[in-house]
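Structural features, examined
These are the residues of each chain, in order.
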Amino acid sequence: IPISESIAHSTILARAGDLRSEYDYIIVGGGTAGLTVADRLTENGRYSVLVLERGIFRNSTFVTTVGMGFFGILDPENLYNITSLPQPNLNGRTIAVLAGNLLGGSSGVNGMQVVRGQKEDYDRWGEYFGKRSEWSWDGLLPYFKKAWNFHPPSPAITNQFGIKYDTRFWGNSSKVHASFPNFNYPFLKTELAAFGDIPGIKFSPDSGAGETGAYWHPSSIDPSTILRSFARPGHWDGIEAARSNYHTLTGQRVLNVVFQGKKATGVRFTSADATTQAGARTVRAKKEVIIAAGTIHTPQILQASGVGPKALLQQAGINLVADLPGVGSNFQDQSFNVGGSFNMTKFNAWPFQDALFNNATFMAEARAEFEANRTGPLSVASGNAGAWIPLPVVSPSRWREIATRYENQNPAAYLPAGTDKTVVAGYKAQILANAKAMRSRDSASMNWFLRGSYQEGALVYLHPASRGTVFLDPANPFFGPPRVDYRALTNPIDVDVLVEFTHFVRRFFRESRLKNYDPVELLPGTQAQTAQQITDWIKQTMIPSCFHPIGTASMLPLSLGGVVDEKLRVYGVQGLSVVDASVIPDSPGSYTQQTVYAIAEKAADLIKARS
Ligand SMILES: Cc1cc2nc3c(=O)[nH]c(=O)nc-3n(C[C@H](O)[C@H](O)[C@H](O)COP(=O)(O)OP(=O)(O)OC[C@H]3O[C@@H](n4cnc5c(N)ncnc54)[C@H](O)[C@@H]3O)c2cc1C
């Protein structure tokens, strides 16, 4: 659908006054999950749906460009402007909290990597409820297939790079696309093979097979246009316009859910640029209000609605509807800038990714090729190859001892003072489950994403043990940005694991075939030898966010500090559910977009089943 057509034929209501007074469902947040659910709830024509989105329709080249994968975040208009609380364990540093502020949400600004994580990640979620939960790998696989339209790499690229894929793990019905570029940097093949030199690293048959190992994975790119594929073109463009039961209002900030007793009956909202509640309006929901505002904003909206920890709401002067201590706790993200990096001084491959930045001729050629054919280096987003490595492989000598110490921890010691006992119990359950994952060769602890360049060391810590919080600002609950506290490295197990990451990086360059390229350590640098010296470096450089925040409205039993049940209904109230990354109780061993789409697809079925 050409963009002009999709706007002209959209039902983005011109004025808030064009709204109906009542819809069957109101979806708060037209992001990755919100637009997926809205599409599915409106497709049979039986239900009316309103999406209220704080951002607007944005389709600049910053959003659509795939090359290098980071254009979306170069335009500050696409993002919320939130800074974390200072992190004492990171030498007091603050972190930019990135989340998409546009129709399509974070799927419109993300790095486009499409990865799924391991089977055990999804089975772990269900086990918090008991073995028979449908939240499991088997329960989610049909929704992974429904969520993505998979396009295999071309035969030439498949042969040239030895890419493995297996279409049994994918579907073809979605308008959200997962595809491979028709170009790869040649050194990626050598790098991936190098992981095979390390005992214990497998080569998975497909990135969606739910296994650890080294593999190629697709990007969220529409192969017919080589533009970003995301929730808006996938679940809204042309779709919403064609359905009279589907309305969207952009540029509107939802302030809170409106309750009659314990029943959610609608939402109150105002213009996105308003700074006071004067002029706020209400719209009613007959069946459900579905919060899909993302991990950073969903807890703020719940708390501002009177659903959250009692003491916080009292402090903010918000009337209590349901005392739900878990709202805003159990906040997790994956850490970046960890491990270390090396420079391969005898690197001899051409071309390589860094040449886009430091070789103007190469960049000009790449641009010309892309403009002429939409092929070449600029058809690659942030990358398509990586390794997903279990802790016993990362640290053959220390994993047992680390896992044992972890599972014997007193959980309350690592949560904020006064944390509710149900949240503490949930943390203990997660510690035990994640310690089991640490012992497993089928769960990844480290992700190394590869660039095919002379400098390598882009590592992600997939399952940090520390837990943060996202609370509204008691002094400005509706309009102040949420107070985001990563509480980075508050659990000392994280330091133990990250020191092992550094040892692994050194071992990898010493023992794999990459040693032939005379690697020289850049970070942390050979002067950092003791655990304390490496820790000092981690505190200086680690970023506690890879922009994959989860957990602030966790799907866990109420006795474990849960906010939503297995049907994604908020505990203690009626007619209110949450569908976004905030329900994820602990991180998948992967980035999060693929999982969020699958959760949203499943949620739509759950919601329709109870309609
Ligand atoms: C910079 C960046 C890079 C990333 N890279 C990758 C990657 O390469 N691979 C990967 O798998 N994952 C990646 N992710 C993560 C992935 O994109 C997210 O996990 C996923 O998109 C989250 O979906 P969501 O539905 O939970 O939230 P979102 O998609 O963020 O949707 C939330 C929506 O709610 C709206 N909203 C918020 N507050 C209000 C309010 N008060 N009223 C109305 N609307 C509101 C927001 O504007 C937004 O549109 C990245 C994320 C970012 C930010």
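Residues numbered from 1 in each chain as written. Predicted model: local features only at pLDDT ≥ 70, side-chain atom pairs only at ≥ 80, totals over all residues.

A closer look at the overall build of the chain
A tally of helices and strands in the chain yields 18 helices and 25 strands. Against the 2.2 N^0.38 benchmark of 25 Å for 611 residues, the chain shows a C-alpha radius of gyration of 23 Å, consistent with a compact globule. Based on the C-alpha atoms only, the size of the chain along its principal axes is roughly 70 × 60 × 45 Å. Taking all 611 residues of the chain together, 58% fall into the buried category. Put simply, 74% of the contacts in the chain that link residues at least 6 apart link residues at least 24 apart. (Helix = DSSP H or I, 4+ residues; strand = E, 2+ residues; numbered from the N terminus. Rg over C-alpha atoms; globule rule 2.2 N^0.38 Å. Buried ≥ 20, exposed ≤ 12 C-beta atoms within 10 Å, placed from the backbone. Contact = placed C-beta atoms within 7 Å.)

A few points about the sheet that holds strand β17 (residues 341-344)
Strand pairs in the sheet, formed through backbone hydrogen bonds, run parallel or antiparallel to each other. Strand order in the open sheet formed by three strands is β20-β17-β24, with antiparallel pairing between adjacent strands. Edge positions in the open sheet fall to β20 (455-456) and β24 (519-523), since each of these has one partner strand only. (Pairing = 2+ DSSP bridges.)

Examining the UniProt feature "domain: Glucose-methanol-choline oxidoreductase N-terminal" (unreviewed entry) in the chain
Within this numbering scheme, the UniProt entry marks residues 294-308 as carrying the feature "domain: Glucose-methanol-choline oxidoreductase N-terminal" (unreviewed entry). Taken end to end, residues 294-308 has its terminal C-alpha atoms 16 Å apart, with 73% of it in helix and 13% in strand. (UniProt positions renumbered as here; feature names shortened; annotations may be inferred.)

Here we look at the nonpolar core
With 171 residues, the main nonpolar core has I26, V28, V37 and V579 as its most contacted residues. Top contributing element to this core by residue count: helix α16 (residues 493-511), with 10 residues. In this structure V579 touches A33, V37, I290, A292, L568, I599, A600 and A603, once residues within four positions along its chain are discounted. Judged by nonpolar contacts, the second largest core, of six residues, contains M112, I221, I226 and V380. (Core = buried A, V, L, I, M, F, W, Y, C linked by C-beta atoms within 7 Å.)

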